[in-house]
Amino acid sequence: MLTEELERYSSQYLMQTYARIPISIVRGQGCKVYDAEGREYLDFVAGIGVNALGHGHPDLVTAIEKQARHLIHTSNLYYSEPQVQLAQLLVKLSFGQKVFFCNSGAEANEAAIKLARKYSTDTFGPERFEIITMHNSFHGRTLATLTATGQTKVHQGFAPLLAGFSYATLNDIQSVKSQITDQTAAVMVEPIQGEGGVVVADQTFMHALRTLCTERQILLMFDEIQTGIGRTGTMFAYEQYGIQPDVMTLAKGLGGGVPIGACIATDNVAQAFGPGSHGSTFGGNPLACAASLAVLRVLLDSQLLEKIRTVGSYLKKGLQELQARIPLIKDIRGVGLLQGIELSVEGKPVVQDCLTRRVLINCTMDRVLRLIPPLIVTQKEIDQLLKVLSDVLIKRL
Ligand SMILES: *Cc1c(COP(=O)(O)O)cnc(C)c1O
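Remember, predicted model here, so these are calculated numbers, not experimental data.

## Details of the environment of Ser-94
Position of Ser-94 among the secondary structure elements: in the loop between helix H4 (81–93) and strand S4 (98–102). Ser-94 gets classed as buried once you look at its relative accessible area, which sits at 12%. Linking Ser-94 and Thr-281, residues 187 residues apart in sequence, is a C-alpha distance of 25 Å. With sequence-adjacent residues up to four places away left out, Ser-94 is seen in contact with Phe-236, Tyr-238, Met-248 and Ile-264. A distance of 2.8 Å separates a polar side-chain atom of Ser-94 from the backbone oxygen of Leu-90.

## Some thoughts on the sheet that holds strand S15 (residues 359–360)
An order of S1-S2-S3-S15 is seen for the four strands of this open sheet, with the pairing classed as mixed. Either end of the sheet is taken by a strand with one partner, and the two such strands are strand S1 (25–29) and S15. Taken strand by strand, helix H14 (residues 379–395) contacts strand S2 (32–35), strand S3 (40–43) and S15, and its axis lies near 100° from that of S3.

## A few points about the side chain of Ser-280
Looking at the secondary structure, you find Ser-280 in the loop between helix H10 (267–270) and helix H11 (286–301). Here the side chain of Ser-280 touches Asn-103 through a polar contact of 3.4 Å, side chain to side chain. Contacts of Ser-280, omitting those with residues within four sequence positions, involve Asn-76, Phe-100, Phe-101, Cys-102, Asn-103 and Glu-107.

## Remarks on the sheet that holds strand S11 (residues 247–250)
With mixed pairing, seven strands are arranged side by side in an open sheet as S4-S12-S11-S10-S7-S5-S6. If you trace the sheet from one side to the other, it starts and ends with S4 and strand S6 (165–168), each paired once. Strand-to-strand, the axes of this sheet are offset by a mean angle of 20°, without reference to chain direction. Where S4 lies against strand S12 (residues 261–265), five bridges are found, and the strand directions are antiparallel. Looking across to S12, one finds that Cys-102 is bridged to Gly-261. In the packing of H4 onto the sheet, the strands contacted are S4, S11 and S12, and the crossing angle to S4 comes to about 130°.

## With respect to helix H3 (residues 58–70)
Across its 13 residues, H3 extends 18 Å between first and last C-alpha, which sits within 8% of the 18 Å expected from 1.5 Å per residue. Of the positions making up H3, those classed as buried are Leu-60, Ala-63 and Gln-67. One side of H3 holds all its buried residues, which, seen down the axis, span an arc of 65°. Of the exposed residues in H3, those oriented more than 90 degrees away from the buried face are Pro-58, Lys-66 and Arg-69. Looking at the buried residues of H3, the elements they touch are H4 and H11.

## What about unusual backbone geometry?
Cis rather than trans, the peptide bond between Ala-159 and Pro-160 has omega equal to -5°. Mapped onto the elements of the fold, Pro-160 is located in the loop between helix H7 (152–155) and S6. Residue Ile-48 is not a glycine yet carries a positive backbone phi of 60°. As for its position among the elements, Ile-48 is in helix H2 (residues 46–49). Among the residues examined, Ile-48 registers a relative accessible area of 34% and is labelled partly exposed. The phi dihedral of Met-365 falls on the positive side, at around 50°, and the residue is not glycine. Along the chain, Met-365 turns up in the loop between strand S16 (362–364) and strand S17 (368–371). On the accessibility criterion, Met-365 (25% relative accessible area) is partly exposed.

## Thoughts on the site of the ligand
By nearness alone, every residue bordering the ligand is listed as Ser-104, Gly-105, Ala-106, Asn-109, Phe-138, His-139, Gly-140, Glu-190, Asp-223, Ile-225, Gln-226 and Lys-252. Taking Gln-226, its side chain carries an N or O atom lying 2.7 Å from an oxygen atom of the ligand. Look at the ligand: alone it shows 380 Å² of surface, and the protein chains cover 80% of it. Residue contributions to the shell around the ligand peak at three residues, all from helix H5 (residues 105–124).

Cut-offs applied
Residues numbered from 1 in each chain as written. Predicted model: local features only at pLDDT ≥ 70, side-chain atom pairs only at ≥ 80, totals over all residues. Heavy atoms only, no water. Helix = DSSP H or I, 4+ residues; strand = E, 2+ residues; numbered from the N terminus. Buried < 20%, exposed > 50% of the residue type's maximum accessible area, 1.4 Å probe, protein only. Contact = heavy atoms within 4.5 Å. Polar contact = N/O pair within 3.5 Å; in protein donor to acceptor, adjacent residues only side chain to side chain. Pairing = 2+ DSSP bridges. Axes fitted to C-alpha atoms, helices over the stretch in contact; angles between N-to-C directions. Expected span 1.5 Å × (residues − 1). Arc of directions from axis to C-beta. Near = heavy atom within 4 Å. Areas by Shrake-Rupley, 256 points an atom, 1.4 Å probe, with all protein chains shown as cover.

In structure tokens:
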């Protein structure tokens, strides 16, 4: 189908929840994607941080092919070996002791929110159900997770929101303290606000938050849906703070493109979920778990985490050099392969100019260009990106 036809049919048949960029991607290889007209693009969006191993990674493709031939789905009414293997590996790699599988980030956060309420109700009584999240956070689009999301634009038109949420300011521990009441069950925070403009939670704040939550017997829940699975150069971003949450959610990169989400908790918290308390028909199905196992094995076996730290620093250094030359750049923020460029102007035209130069990047919060390439991105590809960004931004001076 030609791109113009796709554009027409999309507006005819799809609910218009996205303002799409008018290209149709039909194929990908590594950090490159190709559109219906055969044009090649350098992909620094990676399906919004999903294609962790890039496109067409042989180990991932083989794992999916092999599992699809054996068994795709059976439901959670029966035992499943890939699901148990994946849970075992995630437990081995993280602070966590038990895993619940679902199909997306929003669902992982729904699970975390339900778990926090159930645990707190069981432990402290039914009046303890409030969850504190941060302004400018992003936790998903379901009713509970959009309520958790601290952005009014996401709330608009969906009242009444779910009861029991309040909002504090990231990197301001006093603002969290001021939101705590006798009814507070949990605090949910992203180590880096990805959708919120690539804002990094600082060490002091995270340490103070851990201490505060422990003292007040409040659960600390990290939304690592965007930061987890190697994105920041460690398997999970929390490792770089030297603290541990009680609950963590994952999705995006976890399946390398196959939809899967996970909610991970300590044994003490996880025991609040018994049979019938939560569930998912598709969650943790053999296909998704086999894909995820392949992603994690590549991450672990190819010293990829170390490489992410190296290319991540290289990218950051390159961006800082751009900032020194280009006054339109106000700030460079991020860790590893999640980097943000805050501009003093709208980011959308820059995204468009990069597209014309065959580079895919993304913009959040109107003025922040976000770079979330596949984790296998090379120094050469980063050079390519920096050259295009430099040209495009200099042209706008
Ligand atoms: C993307 C994202 C979500 C939502 O994930 P979906 O799979 O789109 O539901 C939640 N939290 C964070 C931090 C995210 O980046």
